[in-house]
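Structural features, examined
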Amino acid sequence: MSSNYSRFIPGEEIDAVAQWRFGAVDAAALLLEEQARTRLQDEQAEAFRQEGYAKGFAEGLAQGHGQAMLEAQEQVNAFLNNQGQDTARQLAALVASAHAQLDAAEQVAARGMLELACELARQVLRHEISTNPNALLPVIREALTPLIADSKSTVLKLHPLDMDMLEDVLRAEYPSLPLTLLADATITRGGCQIQSTGTQIDGTLEKRWSRAVGQLGLNLPWEAAADEQ
């Protein structure tokens, strides 16, 4: 082929000529552009949807986490409050127990002091009775005084040693009273018994001692020594 074909095509080689119209190309381009725009809008909508979903998920997660933290804190506070109440109750019980033990200890100590005081008083009385028989006179006088007006026959029982020391004194003090004095070794020194018509007076040392310590809430027997009989 000649190099001239590179510049033009001879007319005899052209079978037919059709006029080129750009309308179809423009329509295709518009279609592609519309499709691209639609795809872009869809992608943007999907992106927005995904973003909204992610945002909502994050917000929900944060809200759920915050709610969980709030509930956890409430549970902790409730636990601490309950622990505080339990501790307060335990402390109150401990204090009450301590007070009760202290009161019991104080009562024991007070009783011990009373018993000690009574023991000392008993020793003093024993010594006083053994050395001073006249200590019995006030007891006898108190018992006989109501009987003087009636002038009834009266029997007075004393320990033999007390009788020896007090017989003369009593007969001198009560000359008008029909008084019979009897020595009775069963009566502890420092005590007496009086019998009159319809009247019996127990002035024994054991009975008087029991009344005295009973007023202190104690129950301590006299327990007289054998050598005092």
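This one's a predicted model, so the numbers in the text were calculated from it and none came from an experiment. (Residues numbered from 1 in each chain as written. Predicted model: local features only at pLDDT ≥ 70, side-chain atom pairs only at ≥ 80, totals over all residues. Heavy atoms only, no water.)

A short note on the nonpolar core
- Core analysis: the largest hydrophobic core is formed by 17 residues, its most contacted members being Ile140, Leu144, Leu156, Leu158 and Leu170.
- Mapped by element, the contributors of at least two residues to this core are helix H2 (137-148), strand S1 (154-158), helix H3 (160-173), strand S2 (179-183) and strand S3 (192-196).
- In this view, leucine 156 contacts Ile140, Met163, Leu170, Leu179, Thr180, Leu181, Leu182, Cys192, Gln193 and Ile194; residues no more than four positions away in its chain are not counted.
- Core analysis: the second largest hydrophobic core is formed by 8 residues, Cys118, Ile129, Val213 and Leu220 among them. (Core = buried A, V, L, I, M, F, W, Y, C linked by side-chain atoms within 4.5 Å. Buried < 20%, exposed > 50% of the residue type's maximum accessible area, 1.4 Å probe, protein only. Helix = DSSP H or I, 4+ residues; strand = E, 2+ residues; numbered from the N terminus. Contact = heavy atoms within 4.5 Å.)

Section: the side chain of lysine 157
- Mapped onto the elements of the fold, lysine 157 is located in strand S1.
- No salt bridge is formed by the buried lysine 157; its nearest oppositely charged neighbour, aspartate 184, is found at 4.4 Å.
- Those residues in contact with lysine 157 that lie beyond four places of it in its chain are Leu182, Asp184, Ile187, Gly191, Cys192, Gln193 and Gln195. (Lys, Arg positive; Asp, Glu negative; His and termini not counted. Salt bridge = Lys/Arg side-chain N within 4 Å of Asp/Glu carboxyl O.)

Focus: the packing of aromatic side chains
- In total, this model carries 1 aromatic pair according to the counting rule given.
- Arranged with centres 5.2 Å apart and planes meeting at 70°, the rings of tryptophan 209 and tryptophan 222 form a pair that is edge-to-face. Of this pair, tryptophan 209 sits in helix H4 (residues 205-214) while tryptophan 222 is found in the segment after H4, placing the two residues 13 residues apart along the sequence.
- Residue tryptophan 209 is classed as buried on the basis of its relative accessible area of 7%.
- Owing to a relative accessible area of 2%, tryptophan 222 belongs among the buried residues under this scheme.
- The lysine or arginine in question, arginine 126, covers the ring of tryptophan 222, its NZ or CZ lying 5.3 Å from the ring centre. (Phe/Tyr/Trp six-rings, centres within 6.5 Å; stacked < 30°, edge-to-face > 60°. Lys NZ or Arg CZ within 6 Å of the ring centre and 35° of its normal.)

Things to note about the environment of glycine 217
- Note on placement: glycine 217 falls in the segment after H4.
- Overall, the relative accessible area of 55% leaves glycine 217 in the exposed class.

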